[in-house]
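# Coordinate inspection notes
Here is how the chains run, residue by residue.
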Amino acid sequence: MTDAPAASQVRKIRMRPRLAQLMAEKSGGMYVAEALKRADATLETLREPSLTGIDELIVALDALLAAEAGAEPAARIEGLYQLAANIVGLCGAERNVAVQVAARSLCELLDEADGLSPSILAGVKVHIASIKLLHRAADNPALQGPILQGLASVLEKRRAESKAQG
Amino acid sequence: MISHRLWSHRGRPEHVGVLQPSQHINLEKARALIVDDNHQSLDLLVGVLTSFGLRNVIRKESGREARDELEFQQVDLILANAHLPEIDGYDLIRWLRREADEASRMTPAIIVSAHTRRSQVEKARDCGANFIITKPISPAVMLERILWVARSDRLFIETESYVGPDRRWRNAGPPIEFPDGRRRDDQSIELSDGEGFNMSQDELDMLIKPLRSLA
């Protein structure tokens with residue numbers, strides 16, 4: 001008979017971060033409305049640089065996709081994943097939410113990929129082509145809906161294949 | 001109260017939270033450490049935080065640099081990207097909670113992440129961050145989270161397997177200082193009139209009695 005494991009010690013401490021005291025100071029500071037207004041204005045100044053950043057990330061995605069087939073697949077998947085994740089980070093600058101959905105879908109596809117099989121490569125290509133179409137486009141759900149639906153089915157199909165393979 | 005829109009979709013406002021416009025905030029004397037390996041994402045984070053009045057911002061591009069900084073400097077708020085070279089954001093916060101100087105261990109820490117890998121969901125849950133925010137960042141969400149981490153009377157838990165803010169705090173009810181005591185995803189405070197007959201005590205008892213198998 002083995003001894004029962006000792007109950008793990010739990011220590012509970014009441015948190016009162018210094019940040020709370022600093023934020024409560026009445027001299028200086030601003031109201032929430034003003035803070036949000038300023039943040040919006042700041043982000044507006046960063047809109048074009050962010051869109052340019054997405055341009056560059058798309059070029060990098062294309063380049064990595066076109067890299068020699070002999071290149072290490074895991075490293076290529078990782079590189080593609082990071083580029084897609086960086087697009088998600090910047091796509092708040094877009095005037096439609098579709099780029100974000102497409103880039104996140106690409107992250108999902110790559111995260112679940114166990115190699116760069118022809119079907120994964122085809123899925124990645126479709127995602128990149130869709131991101132190019134959606135990037136810098138005005139908000140138009142009628143146009144964007146079918147594209148995003150198509151990407152969702154790519155992901156769904158890939159998951160079904162993966163499940164079937166066990 | 002105002003609802004704030006996401007930065008990106010002006011034509012189609014997306015209400016992300018409810019903040020009191022007349023609420024006063026003061027971040028002038030606070031010091032924040034912001035870590036992101038993508039310089040444009042770092043610019044966005046710093047831009048939003050300085051718009052909130054934060055003046056003392058330390059920028060770092062790797063988890064190792066951030067850790068070196070935290071070994072010698074105390075900060076009031078940490079914002080770290082989940083993905084970082086060498087030491088990722090989750091490991092950075094885990095190190096902070098377990099191994100950093102006593103004065104720094106309970107520092108409010110927020111992780112920002114574009115996408116959480118399946119393999120990292122548990123790591124994210126257990127790292128000890130106060131919040132995980134999804135990119136792209138929205139100023140309203142960011143400010144709301146900062147207000148929560150600063151003011152919530154949340155317990156700090158230390159066990160063998162987890163060190164960080166109490167993860168069961170949602171069950172403890174809304175933070176007492178939160179406007180009108182309710183979160184935005186709580187059920188409506190409006191209750192309709194009761195319909196039908198009241199149930200008898202026996203009927204109520206039957207509802208909560210464990211069901212016996214007929215087999």
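This text follows the structure it describes.
To start, this report covers the structure provided alongside it. Just so it is clear, the model here is predicted, and its values are computed rather than measured. Here the residue numbers are simple positions, counted from 1 along each chain's written sequence. Just so you know, chain letters begin at A and ligand numbers begin at 1, following the order they were written in. Thresholds applied to this predicted model are a pLDDT of at least 70 for local features of residues and 80 or more for the giving and counting of side-chain atom pairs; totals over whole chains, interfaces and linings are not thresholded and use all residues.

### A few points about the sheet that holds strand β5 (residues 56–60) of chain B
Residue and element names in this part refer to chain B. The strand order across the open sheet formed by five strands is β5-β4-β6-β7-β8, and the pairing between neighbours is parallel. Every interior strand has two partners, whereas the edge strands, β5 and β8 (131–134), have only one. Strand after strand, the sheet turns through a mean of 20° between neighbouring axes, direction not considered. Relative to strand β7 (residues 109–113), strand β6 (residues 77–81) runs parallel, the two being bridged by four bridges. Paired strands, as defined in this entry, are two strands with at least two bridges between them according to DSSP. What counts as a helix is a DSSP run of H or I of at least four residues, what counts as a strand is a run of E of at least two, and both are numbered from the N terminus. Convention adopted: a line fitted to C-alpha atoms gives each axis, helices being fitted over their contacting stretch, and angles between N-to-C directions are expressed from 0 to 180 degrees.

### What about the sheet that holds strand β10 (residues 163–165) of chain B?
Taken together, three strands build an open sheet; the order of strands is β1(A)-β9(B)-β10(B) and the sheet is antiparallel. Unpaired on one side and paired on the other, β1 (11–14) of chain A together with β10 of chain B mark the two borders of the sheet. The mean angle between the axes of side-by-side strands here comes to 20°, regardless of whether they run parallel or antiparallel. Note: β1 of chain A against strand β9 (residues 155–158) of chain B, four bridges, orientation antiparallel. By the bridge assignment, I13 of chain A is partnered in β9 of chain B with F156 of chain B.

### Focus: the packing of helix α3 (residues 47–65) of chain A against helix α6 (residues 118–134) of chain A
Residues and elements named next belong to chain A. Where α3 contacts α6, the two axes come as close as 11 Å, and the packing angle between them is 160°. The pairing of α3 with α6 is recorded here as roughly antiparallel in orientation. Of the two possible hands of crossing, α3 and α6 adopt the one that is left-handed. Counting all contacts with α3, which are made through I58, L61, D62 and L65, the residues of α6 involved are V124, K125, I128, I131 and K132. For classification purposes, angles smaller than 35 degrees are called roughly parallel, those larger than 145 roughly antiparallel, those between 65 and 115 roughly perpendicular, and all remaining angles oblique. When the near helix sits turned anticlockwise from the far one by under a right angle, the crossing is termed left-handed; a clockwise turn instead gives a right-handed crossing. We call two residues in contact if the C-beta atoms placed from their backbones are at most 7 Å apart.

### What to know about the environment of E86 of chain B
Secondary-structure assignment places E86 of chain B in the loop between β6 and α3 (89–99). Measuring from C-alpha to C-alpha, the distance between E86 of chain B and L147 of chain B comes to 30 Å, with 61 residues separating the pair along the chain.

### Observations concerning helix α2 (residues 32–45) of chain A
Residues and elements named next belong to chain A. Compared with the 20 Å implied by 1.5 Å per residue over 14 residues, the 20 Å span of α2 between its first and last C-alpha is a close match. Burial in this document is a count-based property: other C-beta atoms within 10 Å of a residue's C-beta are tallied, and the residue is buried at 20 or more, exposed at 12 or fewer, or partly exposed in between, with C-beta positions derived from the backbone. Among the residues of α2, those classed as buried are V32, A35, L36, A39, T42 and L43. Within α2, the buried residues cover an arc of 120° as seen down the axis, which keeps them to one side. The outward face of α2, more than 90 degrees from its buried face, is lined by the exposed residues A41, E44 and T45. To estimate how far a helix should reach, multiply one less than its number of residues by 1.5 Å. In this description, the arc belongs to the directions extending from the helix axis to the C-beta atoms.

### Some points on the environment of D193 of chain B
Residues and elements named next belong to chain B. If you trace the backbone, D193 turns up in the loop between β10 and α6 (201–208). We classify D193 as exposed; it has 4 C-beta atoms within 10 Å. Sequence spacing of D193 and L44 is 149 residues, and the spatial spacing of their C-alpha atoms is 49 Å.

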